[in-house]
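Read off the chains here:
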Amino acid sequence: MLIGYARVSTLDQNLQAQEDQLRAAGCEKLFTDQVSGTVRERPGLSELKKVLRSGDTLVVWRLDRLGRSLPDLIEWVSYLEGEGVALKSLHESIDTSTSTGKLVFHLFGALAEFERNLIRERTLTGLAAARARGRLGGRPKALDSDQVQAMAQLYQQGEMTVEKICALFHISKPTFYSYLKQTPNTRPSTPTSTRTAADKSTKTPHDSPAATPSAKR
């Protein structure tokens with residue numbers, strides 16, 4: 001049995017043209033989706049999987065209607081082949097039920113593997129070059145060691161609040177405290193006049209004027 005699948009990316013696009021071509025190709029059943037190809041879960045495609053049987057042929061107007069990418073398309077062809085289902089694309093004139101169609105997809109699979117190997121090789125080469133220059137992979141640090149020391153000294157002097165220090169070095173509070181851990185035994189000598197709101201909220205009852213005995217009796 002020939003079973004057709006049609007897909008458009010948005011609700012504004014029309015499925016009619018694809019459906020007409022699939023019916024003209026002899027499809028007895030049609031399944032459709034109006035969703036972006038980048039979405040993995042597609043209702044029509046899920047229903048299609050349930051009705052496919054060995055000996056059937058899945059027909060699409062164009063290959064990109066089925067797969068999100070070349071690796072995804074190769075995965076689909078492997079799945080269909082395992083189920084005994086052929087794939088036919090009208091636009092590319094590919095039919096995996098023929099020896100020529102199978103050869104084309106074997107070439108596609110080899111190209112996809114070749115691309116993955118190239119990406120892996122470039123990544124490993126880049127990491128090796130970075131290590132040779134004394135750099136490790138990952139996100140670059142916001143501050144160098146001198147800046148961290150300067151930041152810690154400002155904090156220890158207690159003349160600036162944490163907020164002002166963060167603004168000065170263009171970093172967030174979590175980043176500030178993360179760097180602070182790199183400089184052990186750093187404690188602020190913050191005067192009462194420059195305490196942060198969080199520090200003021202931790203006053204003991206003895207710090208309150210109401211708790212101080214009056215000079216006059």
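All residue numbers refer to positions counted from 1 along the written sequence of the respective chain. This being a predicted model, a pLDDT of at least 70 is required before a residue's local features are given, and a value of 80 or more before pairs of side-chain atoms are given or counted; all residues contribute to the totals for chains, interfaces and linings. As a convention, hydrogens and water are excluded, and side-chain values are obtained from all of the structure's heavy atoms.

**Description of the packing of helix 6 (residues 162–169) against helix 7 (residues 173–180)**
So, point 1. With axes taken as lines fitted to C-alpha atoms, and helix axes fitted only over the stretch in contact, angles between N-to-C directions fall between 0 and 180 degrees. The way it works is that DSSP assigns letters per residue, a run of H or I at least four long becomes a helix, a run of E at least two long becomes a strand, and they are numbered from the N terminus. Between helix 6 and helix 7, the least distance of the axes is 10 Å, while the angle of their chain directions is 95 degrees. With respect to helix 7, the axis of helix 6 lies roughly perpendicular. Contacts from V162, E163, I165 and C166 in helix 6 reach K173, F176 and Y177 in helix 7.
So, point 2. Nonpolar residues are Ala, Val, Leu, Ile, Met, Phe, Trp, Tyr, Cys and Pro. Charged residues are Asp, Glu, Lys and Arg, and all others, Gly as well, are polar. For the contact of helix 6 with helix 7, the per-class residue count stands at five nonpolar, no polar and two charged. We call two directions roughly parallel when the angle between them is under 35 degrees, roughly antiparallel when it is over 145, roughly perpendicular when it lies between 65 and 115, and oblique otherwise. Residues are treated as being in contact if the distance between any of their heavy atoms lies within 4.5 Å.

**Digging into the packing of aromatic side chains**
So, point 1. To pair, rings of Phe, Tyr and Trp, with the six-membered ring standing in for Trp, must have centres within 6.5 Å; the planes then decide the type, stacked if under 30 degrees apart, edge-to-face if over 60, and tilted in the middle. Inspection of the entire model under this criterion finds three aromatic pairs.
So, point 2. Aromatic side chains W76 and Y79 sit 5.7 Å apart centroid to centroid with 90 degrees between the ring planes, which places their arrangement in the edge-to-face category. With a gap of three residues between them, W76 and Y79 both fall in helix 3 (residues 70–82), about one helical turn apart.
So, point 3. Taking relative accessible area as the criterion, W76 reaches 10% and is therefore assigned buried.
So, point 4. Buried residues are those whose accessible area, probed at 1.4 Å on protein chains only, stays under 20% of the maximum for their type, while exposed residues exceed 50% and partly exposed ones sit between those limits. Accessibility expressed as a relative area gives 29% for Y79, which makes it partly exposed.
So, point 5. An angle of 80 degrees between the planes, with centres 5.0 Å apart, marks the rings of F176 and Y177 as edge-to-face.
So, point 6. The class for F176 is buried, based on a relative accessible area of 0%.
So, point 7. An aromatic cluster is defined as three or more aromatic residues linked by ring pairs; in this entry it consists of Y155, F176 and Y177.

**Structural notes on the pattern of salt bridges**
So, point 1. For this analysis, a salt bridge means a side-chain nitrogen from Lys or Arg found within 4 Å of a carboxyl oxygen belonging to Asp or Glu. Tallied over the entire structure, the rule returns four salt bridges.
So, point 2. E47 is paired through a salt bridge with K50; the nearest N and O atoms lie 3.3 Å apart. Remark: K50 and E47 occur in helix 2 (residues 43–51); sequence separation between them is three residues, near one turn of the helix.
So, point 3. Taking relative accessible area as the criterion, E47 reaches 39% and is therefore assigned partly exposed.
So, point 4. In this structure K50 comes out as exposed when scored by relative accessible area, which is 55%.
So, point 5. Several salt bridges share partner residues, and in doing so they unite R62, D64 and R65 into one network.

**Some remarks on the sheet that holds strand 3 (residues 57–60)**
So, point 1. Overall, mixed pairing links the five strands, which are arranged 2-1-3-4-5 in an open sheet. One side of each edge strand has no neighbouring strand; the edge strands of this open sheet are strand 2 (29–34) and strand 5 (94–95).
So, point 2. For strand 1 (residues 2–8) and strand 3, the ladder comprises four bridges, and the chain directions are parallel. Along strand 3, the bridge assignment pairs L2 with T57.
So, point 3. Of the strands in this sheet, strand 1, strand 2 and strand 3 touch helix 2, which is tilted by about 155 degrees from strand 2. At least two DSSP bridges between two strands are needed for those strands to be called paired.

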